[in-house]
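# Chain and residue survey
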2 protein chains.
Amino acid sequence: MTAVEPVCTEEQLPSAARGGPVGHTLARVSRAHRIAMGRRLRDLGLYPGQELMMMRLWDCGAVRQSELIQSLGLDPSTVTKMLQRLEQCGYVHRSPDPADRRAVRVEATERGQALRAGVEDAWSDLEASSLAGLGPAERAELARLLGLVADNLREEAGEAGDCPPLNC
Amino acid sequence: MTAVEPVCTEEQLPSAARGGPVGHTLARVSRAHRIAMGRRLRDLGLYPGQELMMMRLWDCGAVRQSELIQSLGLDPSTVTKMLQRLEQCGYVHRSPDPADRRAVRVEATERGQALRAGVEDAWSDLEASSLAGLGPAERAELARLLGLVADNLREEAGEAGDCPPLNC
DNA sequence: CTCTTTTGCTTGGCTGGCCAAGGAATGGGT
DNA sequence: ACCCATTCCTTGGCCAGCCAAGCAAAAGAG
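In what follows, the accompanying structure is described. The numbering scheme is per chain: residues are counted from 1 as the chain's sequence reads. Chains carry letters from A onward and ligands carry numbers from 1 onward, assigned in written order. Side-chain atom pairs in this predicted model are given and counted only at pLDDT of 80 or more, local residue features only at pLDDT of at least 70, and totals for whole chains, interfaces and linings cover all residues. Only hydrogens and water are removed before side-chain values are computed, so all heavy atoms of the structure are retained for them.

Turning our attention to the protein's contact with DNA strand D. We call a residue near a given molecule or strand whenever any one of its heavy atoms falls within 4 Å of it. Among the 28 residues in the neighbourhood of DNA strand D, the closest are listed as Ser-66 and Arg-94 of chain A together with Gln-50, Ser-77 and Arg-85 of chain B. Here DNA strand D approaches the protein such that, of its atoms within 4 Å, sugar and phosphate make up 69%. Two N or O atoms count as a polar contact when they lie within 3.5 Å, although within protein this holds only if one can serve as hydrogen donor and the other as acceptor, and sequence-adjacent residues are included solely when both atoms are side-chain atoms. Measuring from a sugar or linking oxygen of DNA strand D, one finds a side-chain N or O atom of Arg-34 of chain B at 3.1 Å. Secondary structure elements follow DSSP: runs of H or I no shorter than four residues count as helices, runs of E no shorter than two count as strands, and numbering proceeds from the N terminus. Every element with two or more residues in the surface near DNA strand D is listed here: helix H1 (21–42), helix H3 (65–72) and helix H4 (76–88) of chain A together with helix H4 (76–88) of chain B.

This next bit is on the pairing of strand S3 (residues 104–108) of chain B. The side chains of a regular strand alternate, residue by residue, between the two faces of the sheet. Residue and element names in this part refer to chain B. Pairing between strand S1 (residues 63–64) and S3: 2 bridges, direction antiparallel. Its bridge partner being in S3, Arg-64 is matched across the sheet by Arg-105. Two strands pair under a simple rule: DSSP has to find at least two bridges between them. Examined bridge by bridge, strand S2 (residues 92–96) and S3 share 5 bridges and lie antiparallel to one another. Looking at the pairing, Arg-94 lines up with Val-106 of S3.

The next subject is the sheet that holds S2 of chain B. Residue and element names in this part refer to chain B. With respect to topology, 3 strands assemble into an open sheet ordered S1-S3-S2, the strand pairing being antiparallel. The sheet is open, and its two edges are formed by S1 and S2, each paired on a single side. Every residue pair with non-hydrogen atoms within 4.5 Å of one another is taken to be in contact. To define axes, lines are fitted to C-alpha atoms, for helices over the stretch in contact only, and angles between the resulting N-to-C directions are given on a 0 to 180 degree scale. Each of S1, S2 and S3 is contacted by helix H2 (residues 50–60), which is oriented at about 95° to S3, the strand it contacts most. Set on the sheet, H4 makes contact with S2 and S3; between it and S2 the angle comes to about 115°.

Right, let's talk about the nonpolar core for a bit. Residue types Ala, Val, Leu, Ile, Met, Phe, Trp, Tyr and Cys, when buried and joined through side-chain atoms within 4.5 Å, form a set referred to as a nonpolar core. Only protein chains enter the accessibility calculation, which uses a 1.4 Å probe; a residue whose area is less than 20% of its type maximum is buried, one above 50% is exposed, and one in between is partly exposed. Counting 76 residues, the largest nonpolar core has Leu-142 of chain A together with Met-53 and Leu-142 of chain B as its most contacted members. With sequence-adjacent residues up to four places away left out, Met-53 of chain B is seen in contact with Leu-68, Leu-72, Val-79, Met-82, Leu-83 and Leu-86 of chain B.

Let's shift gears to the sheet that holds strand S2 (residues 92–96) of chain A. Residue and element names in this part refer to chain A. Read from one edge to the other, the open sheet built from 3 strands follows the order S1-S3-S2, with strand pairing classed as antiparallel. Two strands in the sheet have a free side with no partner beyond their single neighbour: strand S1 (63–64) and S2. H4 rests against S2 and strand S3 (104–108) of the sheet, and its axis sits at about 115° to S2.

Moving on, we get to the interface of chain B and chain A. Contact with chain B, which involves 62 residues of that partner, is made by 64 residues of chain A. Overall, the association of chain B and chain A removes approximately 5800 Å² of surface from exposure, summing both partners, and the carbon and sulfur fraction of that is 62%. We count a salt bridge whenever a side-chain nitrogen from Lys or Arg sits within 4 Å of a carboxyl oxygen from Asp or Glu. For the pair chain B and chain A, the interface holds 2 salt bridges. Linking chain B to chain A there are 15 residue pairs in polar contact (both at pLDDT 80 or more). Listed by contribution, the elements that provide at least two residues to the side of chain B that touches chain A are helix H1 (21–44), H2, helix H3 (65–72), helix H6 (116–130) and helix H7 (136–156) of chain B. In the scheme used here, Gly and all other residues not listed as nonpolar or charged are polar, with Ala, Val, Leu, Ile, Met, Phe, Trp, Tyr, Cys and Pro taken as nonpolar and Asp, Glu, Lys and Arg as charged. Classifying every residue of the side of chain B that touches chain A by side-chain character gives 31 nonpolar, 16 polar and 15 charged. What gets called buried area is simply the loss in accessible area from a 1.4 Å probe that two parts show on being joined, summed for both.

Let us now look at the relation of the copies chain B and chain A. Alignment of the copies relies on least squares applied to C-alpha atoms, considering only residues that score at least 70 for pLDDT in both. Of the transformation superimposing chain B on chain A, the axial component is 0.0 Å and the angular component is 180°, with the fit at an RMSD of 0.0 Å. Those values place the two copies in the arrangement expected of a two-fold rotation axis. Comparing interface residues between copies, 100% of those in chain B also sit at the interface in chain A, which points to an isologous, same-surface contact.

Residues and elements named next belong to chain A. It is at 10 Å that the axes of H3 and H4 come closest, and there the two elements cross at 115°. Judged by the twist between their axes, the crossing of H3 over H4 is right-handed. Along the contact surface, H3 presents Gln-65, Leu-68 and Ile-69, while H4 presents Pro-76, Val-79, Thr-80 and Leu-83. Its residues assigned to classes, the contact of H3 with H4 shows 5 nonpolar, 2 polar and no charged. Helix crossings fall into two classes, left-handed where the near helix is turned counterclockwise from the far one by less than a right angle and right-handed where it is turned clockwise.

We now examine the pattern of salt bridges. By the definition in use, this model includes 16 salt bridges over all chains. With a shortest N-O distance of 3.0 Å, Asp-100 of chain A and Arg-102 of chain A are connected by a salt bridge. Under the relative-accessibility criterion, Asp-100 of chain A is labelled buried at 15%. Here Arg-144 of chain B and Glu-138 of chain A are joined by a salt bridge, their closest N and O atoms 2.8 Å apart. Of this pair, Arg-144 of chain B sits in helix H7 while Glu-138 of chain A is found in helix H7 (residues 136–156), placing the two residues in two different chains. Among the charged side chains, a network of salt bridges with common partners joins Arg-64, Asp-100 and Arg-102 of chain A.

Attention now goes to the side chain of Ser-71 of chain A. In this structure, Ser-71 of chain A sits in helix H3. Of the polar contacts made by the side chain of Ser-71 of chain A, one reaches the side chain of Arg-56 of chain A; its length is 3.5 Å.

This part is about the protein's contact with DNA strand C. In the neighbourhood of DNA strand C, 28 residues make up the surrounding shell, with Ser-77 and Arg-85 of chain A together with Ser-66, Lys-81 and Arg-94 of chain B lying closest. What you see for DNA strand C is that sugar and phosphate hold 70% of its atoms within 4 Å of the protein. In this structure, Asp-75 of chain A approaches DNA strand C through a main-chain N or O atom, which is 2.9 Å from a phosphate oxygen. With respect to DNA strand C, the side chain of Lys-81 of chain B contributes an N or O atom lying 2.4 Å from a base oxygen. Of all the secondary-structure elements, those providing two or more residues to the surface near DNA strand C are H4 of chain A together with H1, H3 and H4 of chain B. The residue makeup of the surface near DNA strand C, split by class, is 8 nonpolar, 8 polar and 12 charged.

Written as structure tokens, this is what we have:
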């Protein structure tokens, strides 16, 4: 079953998107992916997007907020609000950095740590589901191509000279 | 999967995302893509997401709101609010459907039509920028693989039996 | 002809995410 | 020592997008 079924294929892309078929597909896929992830995360008590922040905290332990902002590539205000909510849920603890009174140190609480297994399962599960039918070579190729696009977009985003020390 | 390149490649993916590297990259790429698109759209007076709705209207002329919902795959409430804003901006006109007093007919105004060229340019431009360095074969492969993932996700989303008449 | 279900859309509430503006603290230059 | 630029974070405002409820009209039972 190679699924060449003439069923519904292209989801008829808008003619105005002729100039950007890949981008269009990318947008659709990503939204579906996010929704599917959100469904899994809801059972864990998280909203889509929060899991990425928690991952960073699981990896890095206590971290300055600015490093979170950097590593996630998010707007500072976004991070502030997300952390406020995560703190209110008890997943995260914030404390003033003694060495720099402007800064805030963030770390996952025990409740936050407890989410890790569930989140990892959710990601693995979704990965399996969304890549079903793709062979290892195809998966690798998809990852590679997405990486290229990511590089192009990162470059266009202005700050080409990225890749900072990342001391975490 | 070799990819042990010490450069900068992977944007060091969180270890908790090991189970879903493709999904993780997908999320990042898509966000960057959306932002880059938003930058272009702002000059036109649109917010990211709205252009997809306008495309549909450009293609279909007057359309029932429910068909918009269906074809975009969005939540009804999302569409309602987007249309309210687009209407307030004068890009869209909404009128009650005489044949079905529950329904609403939507169409692009002249001001809305006027956006078309700009949006198409924006999409083409972003497509070129984001796919720079990829050959035609790679682009096709990327589109194909994304399509497969889209199918998988659509299926998982429950309503497998989709593919409605779509009389537009 | 009435009662129930289904369809279409709206409102309210919540999150992620952006930008713009602003307030502290730090650090660099003179 | 001083002042100014930079960094770090917060607040407010706005939009896309979700879900849950709800209301009105249309389509199906009975």
